[in-house]
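Each chain, letter by letter, is given below.
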Amino acid sequence: MPDFISSPGLFVKEQKPRPLGGFRGAVYKLTGGAWNLGPGAKQRQEDELARRISRQLQGSYNTAILSLKGGIGKTSTTVGVGLTLAEFRGDAPCAIDANPDSGDLVERALGEGIYQQSSPRTITDLLENIDSVDSLTALAKYMHHAGRLHLIAGEQDPEVSDSLTAEEYLRIRKLVSSYYSVALTDCGTGVTHNAMSGILQSADNLVIAAGYAVSGAKRARSTLHWLANHGYEDLARNAIVVITDKDEVSSRVDKDAIEEHLSGICRELIAVPHDRGVADGDLVTLDVLKPDTRRAYKEIAAAIVDGYR
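None of the values given here were measured: they were computed from a predicted structure.

Asker: Please explain the overall build of the protein chain as it appears in this structure.
Answerer: Helix and strand content of the protein chain: 15 helices and eight strands. For the protein chain, the residues scored as buried account for 49% of the 309 residues in total. For the protein chain, contacts bridging at least 24 residues in sequence account for 79% of all contacts bridging at least 6. Here the protein chain has roughly 15300 Å² of accessible surface; of this, 49% comes from carbon and sulfur atoms.

Here is the structure:
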């Protein structure tokens, strides 16, 4: 017979999780908790996503987010997923703007007005003083904060922004890895700019941004083939392809055909629905997004953390 000392769990009745909405939630509230039907299927799915996103990690991991074309949701995905990770994880995530074309990652996370009013420190400023950064407090002087999402801004001067080298990026990545368990890197467009070899070398997994158009699907497929043919087979095989319906073209294209075109050559394919909170190219905040958009970002965040091994 089990005893209380060795098996205390056998003597405690497990409580069902509290239902948060719908019929089950109403019954729980009306009966003061006396009738607990437990969460429904939708809530269980949401709880499972939260569990996957919040999984404790041993070490520091980096996800590179890239595309072959601008304006198809790459930076909005970085911000949306970054804010989602910050919402569910116990440790704050970091997002790095390594876009060589004057990236606007921080503006999309903070709003351009707030960014301009703050001290607009960039990745270039951090590199110039990186040898003196020996603590999270020192690093914070070069970062911006959208709630619990910490960001390193890209260089805005077009004469300087394209000068980030692979070696310089790796120095930034090594520093960030000392203080953050999850980092996202907004890579800009293309896979051949100066910093890209360093980004791919240090990436644990990839998010490939694509649009709901045949050309966008072809570019995403081309990106995966390029990676596989240039020594990054594992990154290509485990990549997450994110299709964002940025221009509300899904009603004019065969969505199933595009998704079929991309499935099978990546680990997961996730669609982000059309949402003005993303499509306007302005500030991205979770509280103004449609529920389906927030759900898509949760799925992306969960898939990213699933890939950290």
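Asker: For this particular structure, what's the right way to read the packing of aromatic side chains?
Answerer: Inspection of every chain in the model, using the stated rule, returns one aromatic pair. Ring geometry for Tyr61 against Tyr308: centres 4.8 Å apart, planes inclined by 15 degrees, an arrangement best described as stacked. Of this pair, Tyr61 sits in strand E1 (residues 61–67) while Tyr308 sits in the segment after helix H15 (291–306), and the two are 247 residues apart along the sequence. It is Arg121 that lies over the ring of Tyr142; its NZ or CZ is 5.0 Å from the centre.

Asker: Any chance you could explain the sheet that holds strand E7 (residues 240–244) here in plain terms?
Answerer: Sheet strands pair by backbone hydrogen bonding; their relative direction is either parallel or antiparallel. Taken together, the eight strands give an open sheet; going across it, the order is E3-E4-E2-E5-E1-E6-E7-E8, and neighbouring strands pair in mixed fashion. The outermost strands of the open sheet, each flanked by one partner alone, are strand E3 (144–146) and strand E8 (268–272). If you compare each strand with its neighbour and ignore which way they point, the axes differ by 25 degrees on average. Relative to strand E4 (residues 149–152), strand E2 (residues 94–97) is paired through three bridges, and the arrangement is parallel. Pairing of Ala95 across the sheet is with Leu151, part of E4. The strands touched by helix H3 (residues 74–88) within the sheet are E1, E2, E3, E4, strand E5 (182–189), strand E6 (205–211) and E7, with E5 carrying the most contacts at an inclination of about 175 degrees.

Criteria and cut-off values
- Residues numbered from 1 in each chain as written.
- Predicted model: local features only at pLDDT ≥ 70, side-chain atom pairs only at ≥ 80, totals over all residues.
- Heavy atoms only, no water.
- Helix = DSSP H or I, 4+ residues; strand = E, 2+ residues; numbered from the N terminus.
- Buried < 20%, exposed > 50% of the residue type's maximum accessible area, 1.4 Å probe, protein only.
- Contact = heavy atoms within 4.5 Å.
- Areas by Shrake-Rupley, 256 points an atom, 1.4 Å probe, with all protein chains shown as cover.
- Phe/Tyr/Trp six-rings, centres within 6.5 Å; stacked < 30°, edge-to-face > 60°.
- Lys NZ or Arg CZ within 6 Å of the ring centre and 35° of its normal.
- Pairing = 2+ DSSP bridges.
- Axes fitted to C-alpha atoms, helices over the stretch in contact; angles between N-to-C directions.

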